[in-house]
Amino acid sequence: MKILLKLIVFIVPTSFIFMFFMLLTNDKSYPGADYTSFKLPSFKLENLENLDTISNDVLEGDFILNVWASWCITCIIEHPYLMSLTKNGIPVVGLNYKDDRDDAIIWLDKYGNPYNLILHDYKGTFALDLGVTGAPETFLINDGKVVAHYQGEVNEIIWQDVFLPVIKEMEMF
Amino acid sequence: MIIEISHFLSVLATGLFFLAGSFSLFTKNTLYISNLISRTYSHGFLLLLTSFSIYIWLAISDNFSVQYIASHSNTELPTFYKISSIWSAHEGSMFLWIVFLSLWGFFFNISVKNDQILKSKSIGVISVILVGFLLFLLVTSNPFITILPIAPLNGADINPVLQDPALAIHPPTLYLGYVGFVIPFACAISFLLIGDSNIKWELLVRKWSIAAWAFLTIGITLGSWWAYYELGWGGYWFWDPVENIALMPWLAATAFIHSLSVSIKSSHLRIWTILLSISVFSLSLFGAFIVRSGIIDSVHSFANDPDRGLYLLGFISIIVFTSIYLFIFRLPTIKESKRIKKFSKESFISINNIFFGTLIFSVMLGVTYPLIYEFLFDQKISVGAPFYNAIFIPIVVLASFFLFFSVDSKWSRKINFKFFKTPIFLSLFFSIITVIYISDRFNSNNLAILISIFAGTIIIFRYIYELLDSLLNKKYINPFSVIAHMALGLLLVSISFNSLLSTERAINIKINEYEEYKGLNIYFDDIRVLKNSNNDSIKATFFIEDAKGKQFNLSPEKRRYFTRGQITTETAIHIMPLKDIYMTIGDQLDDGSWIVNIQINYLIRFIWFSAALMAFAGIMLIFSNRRA
Amino acid sequence: MNPIRKRRIYSILLVLLFSVSGISLILYSLNSNLDYFFTPTELKDKNIPIDKRIKVGGMVLNGSVKRASSKISFIVTDYENSITVEYEGIVPDLFKEGSGVVVLGFLDNQIVYAEEVLAKHDENYMPPNLDIKNDN
């Protein structure tokens, strides 16, 4: 009887822990890693800086679309990485999300502007079409199609895991 | 600057706990050393408490140079929610969890004398656990990180769903329950470490275990209540993975406190009790792991981070395997009385343990099976309420019958087998009458529900008889057991009635129109758009008249918060003694009418009341003078 | 065999019998109460019995939401295939065109009759983007 007890007491937690270990180490896929591409929804928004109207046809080629706002804390943390992306010649388009224009401009003055172009989505309608749930979120756009998406702070690790494989596969930039 | 002090104090506390742990486990615990351990622990605790107090103060004073506070608090929040924002996400809630763990240890430390043979080792075990979790906090999820040089001005917008009194107190209570089981665990481990089977560790931990159990009970109940009225889920239990992982330690703890009383009374089930004390704490840790590793997505789970998961898994495995190794190593030396007499109280509690074990196993399976399945077959599945109902209903009913007969049983003695003894006969009789009446009155032939009601009522009637008997004939009863078990009976009855009678319907209704539902006359009086400071809201007003002519208003609301664009439902609930009228408002249709959901929830408050009553019985026992 | 040993073996066998039958009962009820999760693409070439409860996840197609009295119908898509869902009742707060949704219901003739419509939440109580599986 005692041997049976010993065996059960040992085997049950071992199997559970083994299983969780497998699950944790196996599941390396970040949300958005297996992404089905879709067409960039159509939009008509103002340029944050000079109030020009911008629609789909202005944005051509491959670029990164980064959703941010001055009220977003994580965006501050993400900011240096975006700066480094721009420095490496990757076009980054900002989507200023549910934000006051003045606040946004003050924010950019304070931290620096990593964006080649900023769309001002005050009502969040374009973001809604994109399926944005908050800031920051980042989309990879290939020829008018969204091919990758990440919710949360983009950093070197996320870049390597989520975006770089897609970029290599599609031979972008 | 101040945050660095807080950070430093936490690190220092970790060091002191490390010292206390090493002294306790690697030296011979003479009285001198024991005093030293006790003091070191207390000082460690005080440092940690100071660190946490500073952290709270920083949150109150809107110090947004701290990244965590900046992302979870806001200048506009009332002070109360500034404090509760600390435990609204992973890092801060982990911090609170650890502070509570050390708090239990501290109370244990100051209330048990240093010459108690188990104390020093137990404090050592607690210290080691604290070191592990503090390292986890400081290394993988540091709440003290600052954003420099420029701090945001107003902080983030806190999630409106979290601005709620129930949520503010629900996690702390639940944590107090979870980590409270560190005391029985630590004592069991030190009992195994010392290896002297004559030490009565069970007696030492009894009240501590019941206190932790009471907190866990209240925490789960508060969570259930919060989901009902704030999240607008409209029910009391959803078999959500996180509810389930709170339920598992509760089940194990309930089995544990029962076995504990057996071990104390008659030295039966001692091995089993040790095993259960290890299981309860392991299941609590398992809960922390599940929620914090992001392995399961649920309303409550925190952001996904595999590193945190791996660290926790590693540390928990060390705790579990060390305990099991010790347990197996000492198994031959643990003396317990063999041969439980048939139909004695011990035998009933042993059977009850089997039932609890089955329930825990089933819940564990329900939680983990989807993970295994997806891993093996790459197919997502989920386990829903039907599975849990299929397991819980028969087992709980069966256990209730055993409980019913166990009322007559005596410690270490065979039951006096006269089935038609008055109390049994009377309570069976009344219960059958009640069930027949209910079946007739509500025209129901749902066997599962009727049997559950029967199971509940026999317990209630049986204990009412005991109460009367004790009042009239001065017969001795254990008041705590009577209250807790009557609460169980009441819980069964309320849950059954709730599922028997509760109804809901979505109606669409235009303004100034009448609609009738279940004898309620509903008049849609008004709907207006309100501009609040941080949200727009649509607030409807309904006049309702029930069948008896009683009138009341209900104003369900829908809010849209500016910064996140988040929409929340504010339910409107009219509370009556036996039922709730629960109303939520949906969308407007093209023809101008609104969709409104109406639920009539029967006895839902009795469900929470019964749970609270169980916890109350436990709390009373702690403050009573009963020794065992 | 001496009687004590015999009794011991019997009791072990009894315990084993009980636990095996108990576990198989639990597993049986687990298996008959599982909700399988599908994307519209996975549903396309699968035969699912009418009485089998399933979960379907995807995005709510823009412009597909239609309301008639308290009934609502919409199309769930994974951008490859889509399927119509019908539901009676209030959809959750986070239900939006173009955002993620999970419905729980029964499939009949390529229409899902939903019992429940869910939008999943994370730490911030937001519906996460559905990580749609790419079958290719």
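Residues numbered from 1 in each chain as written. Chains lettered and ligands numbered in written order. Predicted model: local features only at pLDDT ≥ 70, side-chain atom pairs only at ≥ 80, totals over all residues.

Peer 1: Honestly, the overall build of chain B in this entry has me stumped. Any pointers?
Peer 2: For chain B, the count of helices and strands is 18 helices and 11 strands. A compact globule built from 628 residues should have a C-alpha radius of gyration of about 25 Å, and chain B, at 27 Å, falls within 12% of that. A principal-axis box enclosing the C-alpha atoms of chain B has dimensions of 80 × 80 × 55 Å. Restricting to contacts in chain B with at least 6 residues of sequence separation, those with at least 24 account for 73%. (Helix = DSSP H or I, 4+ residues; strand = E, 2+ residues; numbered from the N terminus. Rg over C-alpha atoms; globule rule 2.2 N^0.38 Å. Contact = placed C-beta atoms within 7 Å.)

Peer 1: Hey, could you run me through the overall build of chain C in this one?
Peer 2: Secondary structure summary: chain C contains two helices and seven strands in total. Reading the helices (α) and strands (β) of chain C from amino to carboxyl end gives α-β-α-β-β-β-β-β-β. Going through the 136 residues of chain C one by one, you find that 37% of them count as buried. In chain C, 50% of the contacts between residues at least 6 apart in sequence involve partners at least 24 apart. (Buried ≥ 20, exposed ≤ 12 C-beta atoms within 10 Å, placed from the backbone.)

Peer 1: It is not clear to me how the packing of helix H9 (residues 201-229) of chain B against helix H18 (residues 604-623) of chain B should be interpreted in this structure. Could you clarify?
Peer 2: The packing of two helices is summarised by the inter-axis angle and the distance between the axes. Residues and elements named next belong to chain B. Contact pair H9 / H18: the axes reach a minimum separation of 9 Å and the direction vectors enclose 160°. Relative to H18, the element H9 lies roughly antiparallel. The element H9 and its partner H18 pack so that their crossing is left-handed. Along its contact with H9, which presents Lys207, Ile210, Ala211, Trp213, Ala214, Thr217, Ile218, Thr221, Ser224 and Trp225, the element H18 presents Trp608, Ala611, Ala612, Met614, Ala615, Gly618, Ile619, Leu621 and Ile622. Class assignment of the residues belonging to the contact of H9 with H18 gives a composition of 14 nonpolar, four polar and one charged. (Axes fitted to C-alpha atoms, helices over the stretch in contact; angles between N-to-C directions. Parallel < 35°, antiparallel > 145°, perpendicular 65-115°, else oblique. Left-handed = near helix turned anticlockwise from the far one by under 90°. Nonpolar A, V, L, I, M, F, W, Y, C, P; charged D, E, K, R; others polar.)

Peer 1: Help me understand the sheet that holds strand E3 (residues 53-55) of chain A in this model?
Peer 2: The strands that make up a sheet are held in pairs by hydrogen bonds between backbone atoms, and each pair lies either parallel or antiparallel. Residue and element names in this part refer to chain A. Within the open sheet, the eight strands sit side by side as E1-E8-E7-E4-E5-E6-E2-E3. Their pairing is mixed. Taken across any chain shown, the strands that pair with only one partner, and hence form the sheet edges, are strand E1 (38-39) and E3. With five bridges connecting them, strand E4 (residues 63-68) and strand E7 (residues 137-142) associate as antiparallel partners. By the bridge assignment, Val67 is partnered in E7 with Glu137. (Pairing = 2+ DSSP bridges.)

Peer 1: Can you walk me through the interface of chain B and chain A in this structure?
Peer 2: For interface size, the figure often reported is the accessible area lost on association. Listed by partner, the interface residues are 26 residues for chain B and 21 residues for chain A. Counting only elements with at least two residues in the side of chain B that touches chain A, the list comes to helix H3 (67-72), helix H11 (270-293), helix H12 (306-330) and helix H13 (345-377) of chain B. Residue composition of the side of chain B that touches chain A, by class: 18 nonpolar, six polar and two charged.

Peer 1: So what exactly am I meant to see when it comes to unusual backbone geometry here?
Peer 2: Trans peptide bonds make up most of the peptide bonds, and negative phi angles are found at most residues other than glycine. Of note, A:Leu51 is a non-glycine position whose phi angle comes to about 65°, a positive value. With respect to the secondary-structure elements, A:Leu51 resides in the loop between strand E2 (44-47) and E3. Judged by local crowding, A:Leu51 falls into the exposed class, with 9 C-beta atoms found within 10 Å. Even without being a glycine, B:Leu269 presents a positive backbone phi close to 55°. Structurally, B:Leu269 is set in the loop between helix H10 (241-266) and H11.

Peer 1: What's the story with helix H5 (residues 90-111) of chain B in this structure? I'm lost.
Peer 2: Helical periodicity: at 3.6 residues per turn, an α-helix aligns residues three or four positions apart in one direction. Given a rise of 1.5 Å per residue, 22 residues ought to cover 32 Å, and the 32 Å separating the end C-alpha atoms of H5(B) matches this to within 8%. Counted residue by residue, H5(B) has 18 buried out of 22 residues, so it is predominantly covered. (Expected span 1.5 Å × (residues − 1).)

Peer 1: Teacher, can you tell me more about the environment of B:Phe497 here?
Peer 2: Residues and elements named next belong to chain B. With respect to the element layout, Phe497 can be found in helix H17 (residues 479-501). Judged by C-beta crowding, with 23 C-beta atoms within 10 Å, Phe497 ranks as buried. As a C-alpha pair, Phe497 and Thr457 span 40 residues in sequence and 12 Å in three-dimensional space.

Peer 1: Got a minute to help me understand the packing of helix H14 (residues 385-406) of chain B against helix H1 (residues 3-32) of chain C in this structure?
Peer 2: Running from N to C, H14(B) and H1(C) point in directions that differ by 150°, and their axes come no closer than 8 Å. What the angle tells us is that H14(B) and H1(C) run roughly antiparallel. Considering how the two elements wind past one another, H14(B) and H1(C) form a crossing that is right-handed. Of the residues in H1(C), those touching H14(B) at B:Phe387, B:Ala390 and B:Ile391 are C:Ile26, C:Ser29 and C:Leu30. Among the residues forming the contact of H14(B) with H1(C), the class breakdown is five nonpolar, one polar and no charged.

Peer 1: Would you mind going over the nonpolar core with me for this structure?
Peer 2: For soluble globular proteins, nonpolar side chains are generally found buried alongside one another. One finds B:Ile98, B:Leu101, B:Val182 and B:Ala252 to be the most contacted residues of the largest nonpolar core, which totals 192 residues. No other element matches the 17 residues that H9(B) contributes to this core. Excluding residues that lie within four positions of it along the chain, B:Leu101 makes contacts with B:Ile129, B:Leu130, B:Phe133, B:Val179 and B:Val182. Counting 37 residues, the second-largest nonpolar core is a separate cluster that includes B:Phe524, B:Ile581, B:Met583 and C:Val102. (Core = buried A, V, L, I, M, F, W, Y, C linked by C-beta atoms within 7 Å.)

Peer 1: What is the right way to read the sheet that holds strand E10 (residues 579-588) of chain B from this model?
Peer 2: Residues and elements named next belong to chain B. On the basis of which strands lie adjacent, the open sheet formed by four strands has the order E2-E11-E10-E9 and antiparallel pairing. Each having just a single partner strand, strand E2 (503-509) and strand E9 (572-575) make up the two edges of the open sheet. Ignoring strand direction, the axes of neighbouring strands in this sheet form an average angle of 20°.

Peer 1: Help me out: how do you make sense of the environment of C:Asp108 in this one?
Peer 2: Residues and elements named next belong to chain C. Inspection of the secondary structure puts Asp108 in strand E6 (residues 100-108). Between the alpha carbons of Asp108 and Pro49 there is a distance of 8.2 Å; along the sequence they are 59 residues apart. Each residue touching Asp108, except ones within four places of it in the same chain, is listed here: Ile50 and Tyr113.

Peer 1: Looking at this structure, I do not really get the confidence of the model for chain C. What am I missing?
Peer 2: Caution applies to low-pLDDT parts of the model: their predicted coordinates are not meant to be read in detail. Residues and elements named next belong to chain C. Taken over all residues, the pLDDT of chain C has a mean of 75, while the share at 70 or more is 83%. Note that residues 120-136 has pLDDT below 50 and, in this model, 51 contacts with residues that lie over four places away or in other chains. Per the prediction output, this complex has pTM 0.82; the corresponding ipTM is 0.72. (pLDDT = per-residue confidence, 0-100.)

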